[in-house]
Amino acid sequence: MNEENTDTKSKDLDLWMIRPCEMYNTEYGECTSISSRLHQMFVHGSTVDCNHWHADYTNCLKWKNDKNIQAAETLVNSEKKKRNNRWKSYYANNVWENRTSPPENWNEPLPDYIAKRRQNSTLKDTFDECNAEIDNKSFCSIM
C-alpha cells in the first residue's frame, strides 16, 4: 500500500482513541493476575477472557511500528466497544431524569449556617492556600 493511501485512510479513523501500547499490555497483565482472577471469580462466578487486551496490544504495536491500517481500525473499534460498554448503564438508567440546563439557583451564595461551618473548616484553609498559590502563578504562555 502506498504512503498516500495510508495517510488518507488514517485521517478517516479516530486515531485519538488509541492509547499508548504499554497501557494495553498493563491491562492484560492486570486482568490475568492472581488477585484479579480471584476478584473475577467472586464477582462473576468465573474468570473473564482477557485475550482482547493482548489482541489490542498486538494491534497497537502493528500500528505503531508498521502503520498497519487494518490493525488501527481493529484497535479503534475495540476502544469504541469498550466505551459503549462503560456507558451502557448510564443510557439504561430510567430512575433519574437528566437535566437539560442547570438549576436556576446553582450559583447563589451558600446559606448562612453552611458558611459559618465552613469558616473553621480544614478544607477552607486548604482551599485558601490553593487560591494563594494560583494567584502567584501566571498561566500565560507565549508561543
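Rules used in this analysis
Residues numbered from 1 in each chain as written. Predicted model: local features only at pLDDT ≥ 70, side-chain atom pairs only at ≥ 80, totals over all residues. Heavy atoms only, no water. Helix = DSSP H or I, 4+ residues; strand = E, 2+ residues; numbered from the N terminus. Buried < 20%, exposed > 50% of the residue type's maximum accessible area, 1.4 Å probe, protein only. Contact = heavy atoms within 4.5 Å. Areas by Shrake-Rupley, 256 points an atom, 1.4 Å probe, with all protein chains shown as cover. Disulfide = S-S within 2.5 Å. Phe/Tyr/Trp six-rings, centres within 6.5 Å; stacked < 30°, edge-to-face > 60°. Lys NZ or Arg CZ within 6 Å of the ring centre and 35° of its normal. Core = buried A, V, L, I, M, F, W, Y, C linked by side-chain atoms within 4.5 Å.

1. Concerning the overall build of the protein chain
Turning to step 1, where the next piece is worked out: Helix and strand content of the protein chain: seven helices and zero strands.
Turning to step 2, where the next piece is worked out: When its helices and strands are written in sequence order, the protein chain yields α-α-α-α-α-α-α.
Turning to step 3, where the next piece is worked out: Out of the 143 residues belonging to the protein chain, those deemed buried represent 17%.
Turning to step 4, where the next piece is worked out: Pairs at least 24 residues apart make up 57% of the contacts formed inside the protein chain by residues separated by at least 6 positions.
Turning to step 5, where the next piece is worked out: Of the roughly 12,300 Å² of accessible surface on the protein chain, a fraction of 52% belongs to carbon and sulfur atoms.

2. Regarding the state of the cysteines
Turning to step 1, where the next piece is worked out: In total, this model carries two disulfides according to the counting rule given.
Turning to step 2, where the next piece is worked out: Take the cysteines of the protein chain that form disulfides and number them in order along the sequence; they join up as 1-4, 2-3.

3. Describing unusual backbone geometry
Peptide bonds are trans in most cases, and residues, glycine excluded, mostly fall at negative phi.
Turning to step 1, where the next piece is worked out: The backbone phi angle of Lys67 is positive, close to 55 degrees, even though this residue is not glycine.
Turning to step 2, where the next piece is worked out: Along the polypeptide, Lys67 turns up in the loop between helix H4 (51–66) and helix H5 (69–92).

4. Some points on the packing of aromatic side chains
Turning to step 1, where the next piece is worked out: With the rule as written, the count across this model stands at three aromatic pairs.
Turning to step 2, where the next piece is worked out: Centre to centre, the rings of Trp87 and Tyr91 are 6.0 Å apart; their planes meet at 35 degrees, and the pair counts as tilted. In this pair, Trp87 and Tyr91 both sit in helix H5, four residues apart, roughly one turn of the helix.
Turning to step 3, where the next piece is worked out: Looking at Trp87, the relative accessible area reads 40%, which means it is partly exposed.
Turning to step 4, where the next piece is worked out: The exposure class assigned to Tyr91 is exposed, which follows from its relative accessible area of 64%.
Turning to step 5, where the next piece is worked out: Grouping aromatic residues by their ring pairs yields a cluster made of Trp87, Tyr90 and Tyr91.
Turning to step 6, where the next piece is worked out: Against the face of Trp63 rests Lys67, its NZ or CZ located 4.9 Å from the ring centre.

5. Thoughts on the nonpolar core
Turning to step 1, where the next piece is worked out: Among the nonpolar cores identified, the biggest contains 15 residues, and Ile18, Tyr24, Cys60, Trp63, Ala72 and Leu75 are the most heavily contacted of them.
Turning to step 2, where the next piece is worked out: Elements supplying a minimum of two residues to this core: helix H2 (21–32), H4 and H5.
Turning to step 3, where the next piece is worked out: Beyond its immediate chain neighbours, meaning those up to four positions away, Ala72 contacts Leu13, Leu15, Ile18 and Trp63.

Any functional reading would require information that these geometric values do not contain.
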